[in-house]
Amino acid sequence: DQQVKQNSPSLSVQEGRISILNCDYTNSMFDYFLWYKKYPAEGPTFLISISSIKDKNEDGRFTVFLNKSAKHLSLHIVPSQPGDSAVYFCAASAWISNFGNEKLTFGTGTRLTIIP
Amino acid sequence: DGGITQSPKYLFRKEGQNVTLSCEQNLNHDAMYWYRQDPGQGLRLIYYSQIVNDFQKGDIAEGYSVSREKKESFPLTVTSAQKNPTAFYLCASKITGEFSYNSPLHFGNGTRLTVT
């Protein structure tokens, strides 16, 4: 079962406007959430994260919002720039005792295209 | 510059052959991971290693093997037992220990394996 879902496989946004990427999760044990950005033929790079004790974290043009009651988080990019065109993965973390560490579960990704 | 190097970038093999994907890091990270990415799917964990000479199966370990003889190196062998080996393979690492909880993964640029 998919514990972390990104229901929009793709999103197109005009340059300068706001991009909103959504992520839903089902496991209430997740206590930390991260967004990764991935360009074609490259590995993902860490973008921004949020702890479950917060509802918002901001870093420059990027803001992540967390709604624990709805098990939903979103990434806002404003203003959107052509270099933001990439695939964005949402990931959720939970401590797993037999894993010996926190374990990440990734969503399926959303391909964001910024239209000049 | 510190980072993770995966080689080769593209790899082609005939069905029934084992193939080894290289992953080297100079970040001095203890933990290393192998993920697989398929179209329309999130990153799925194959194997991970928290420390030298120790490794554990992830969610989709069947048909794969790893070794961790050195801190810097975590090669992945895709065996002939792996039913659908064609995929994009990503190696990652992260710091461990005190204050490292939920520190982000650092990824290599991946190896695209095609088996025909």
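For clarity, every value in this text was computed on a predicted model and none was experimentally measured.

(A) Summary view of the overall build of chain A. Assigned secondary structure in chain A consists of zero helices and 11 strands. For 116 residues, the compact-globule formula gives about 13 Å, and the C-alpha radius of gyration of chain A, at 14 Å, lands near that figure. With the C-alpha coordinates of chain A rotated into their principal frame, the extents come out at 45 × 30 × 25 Å. Counting all 116 residues of chain A, 47% fall into the buried class. Here the analysis covers contacts within chain A between residues at least 6 apart in sequence; of these, 55% occur between residues at least 24 apart. Counting every atom, chain A has about 5600 Å² of accessible surface; 49% of that belongs to carbon and sulfur. In chain A, 11 positive and 10 negative side-chain charges are present, and the distance between their average locations comes to 3 Å.

(B) Spatial organisation of the nonpolar core. Residues and elements named next belong to chain A. Core analysis: the biggest nonpolar cluster contains 24 residues, and Phe33, Trp35, Leu73, Leu75 and Tyr88 have the highest contact counts within it. Broken down by secondary-structure element, the contributors of at least two residues to this core are strand E3 (19-25), strand E4 (32-38), strand E5 (45-51), strand E7 (62-67), strand E8 (72-77), strand E9 (86-96) and strand E11 (110-115). The dominant element in this core, judged by the number of residues it contributes, is E9, at five residues. Leave out the neighbours within four places in its chain, and Leu75 touches Ser19, Ile20, Leu21, Trp35, Leu47, Ile48, Phe62, Thr63 and Tyr88.

(C) Examining the state of the cysteines more closely. Residues and elements named next belong to chain B. Evaluation of the coordinates by the stated rule reveals two disulfides over all chains. Cys23 shares a disulfide with Cys91; S-S distance 1.9 Å. One disulfide, between Cys23 and Cys91, carries an S-S torsion of -70° and so falls in the left-handed class. Pair noted here: Cys23 is in strand E3 (residues 19-25) and Cys91 is in strand E9 (residues 87-94), with a separation of 68 residues, a long-range link. Taking relative accessible area as the criterion, Cys23 reaches 1% and is therefore assigned buried.

(D) Main features of the packing of aromatic side chains. Tallying each qualifying case throughout the model produces 13 aromatic pairs over all chains. Relative to Phe106 of chain A, the ring of Tyr36 of chain A has its centre 5.8 Å away and its plane inclined at 50°; by these criteria the two rings are tilted. Here Tyr36 of chain A, found in strand E4, pairs with Phe106 of chain A, found in strand E10 (residues 101-106); they are 70 residues apart in sequence, far enough to count as distant. Accessibility assignment for this pair places Tyr36 of chain A and Phe106 of chain A in one class, buried. One aromatic cluster is present, formed by Tyr36, Phe46 and Phe106 of chain A together with Tyr33, Tyr35, Tyr48 and Phe107 of chain B through successive ring pairs. The ring of Phe74 of chain B carries Arg68 of chain B above its face, with NZ or CZ at 5.9 Å from the centroid.

(E) Fine view of a nonpolar patch on the surface. A contiguous nonpolar patch, built from Ile18, Ile20 and Val78 of chain A and spanning about 230 Å² of accessible area, is present on the exposed surface. Judged by its relative accessible area of 42%, Ile18 of chain A falls in the partly exposed class.

(F) Summary view of the pattern of salt bridges. Inspection of the entire model under this criterion finds eight salt bridges over all chains. With a shortest N-O distance of 3.9 Å, Glu58 of chain A and Lys56 of chain A are connected by a salt bridge. The closest approach of N and O atoms between Asp38 of chain B and Arg44 of chain B, which form a salt bridge, is 2.8 Å. The class of Arg44 of chain B is partly exposed, set by a relative accessible area of 28%. One continuous salt-bridge network, built from bridges that share partners, spans Lys37, Arg61 and Asp84 of chain A.

(G) Geometry of the pairing of E9 of chain A. Residues and elements named next belong to chain A. When you tally the buried positions in E9, you get nine out of 11 residues, the bulk of the element. Here E4 pairs with E9 via seven bridges, running antiparallel. Bridging from a neighbouring strand, Tyr32 pairs with Ser93 of E9. Here E9 pairs with E11 via three bridges, running antiparallel. Paired with Tyr88 across the strands is Thr110, a residue of E11. Judged from the six bridges that link them, E9 and E10 form a sheet pairing that is antiparallel. Counted as the bridge partner of Ala92 is Thr105 from E10.

Cut-offs and rules
Residues numbered from 1 in each chain as written. Chains lettered and ligands numbered in written order. Predicted model: local features only at pLDDT ≥ 70, side-chain atom pairs only at ≥ 80, totals over all residues. Heavy atoms only, no water. Helix = DSSP H or I, 4+ residues; strand = E, 2+ residues; numbered from the N terminus. Rg over C-alpha atoms; globule rule 2.2 N^0.38 Å. Buried < 20%, exposed > 50% of the residue type's maximum accessible area, 1.4 Å probe, protein only. Contact = heavy atoms within 4.5 Å. Areas by Shrake-Rupley, 256 points an atom, 1.4 Å probe, with all protein chains shown as cover. Lys, Arg positive; Asp, Glu negative; His and termini not counted. Charge placed at Lys NZ, Arg CZ, Asp CG, Glu CD. Core = buried A, V, L, I, M, F, W, Y, C linked by side-chain atoms within 4.5 Å. Disulfide = S-S within 2.5 Å. Phe/Tyr/Trp six-rings, centres within 6.5 Å; stacked < 30°, edge-to-face > 60°. Lys NZ or Arg CZ within 6 Å of the ring centre and 35° of its normal. Patch = residues over 30% accessible without salt bridge, like charges linked within 9 Å, V, L, I, M, F, W, Y side chains within 5 Å. Salt bridge = Lys/Arg side-chain N within 4 Å of Asp/Glu carboxyl O. Pairing = 2+ DSSP bridges.

Just distances and angles here, no functional claims.
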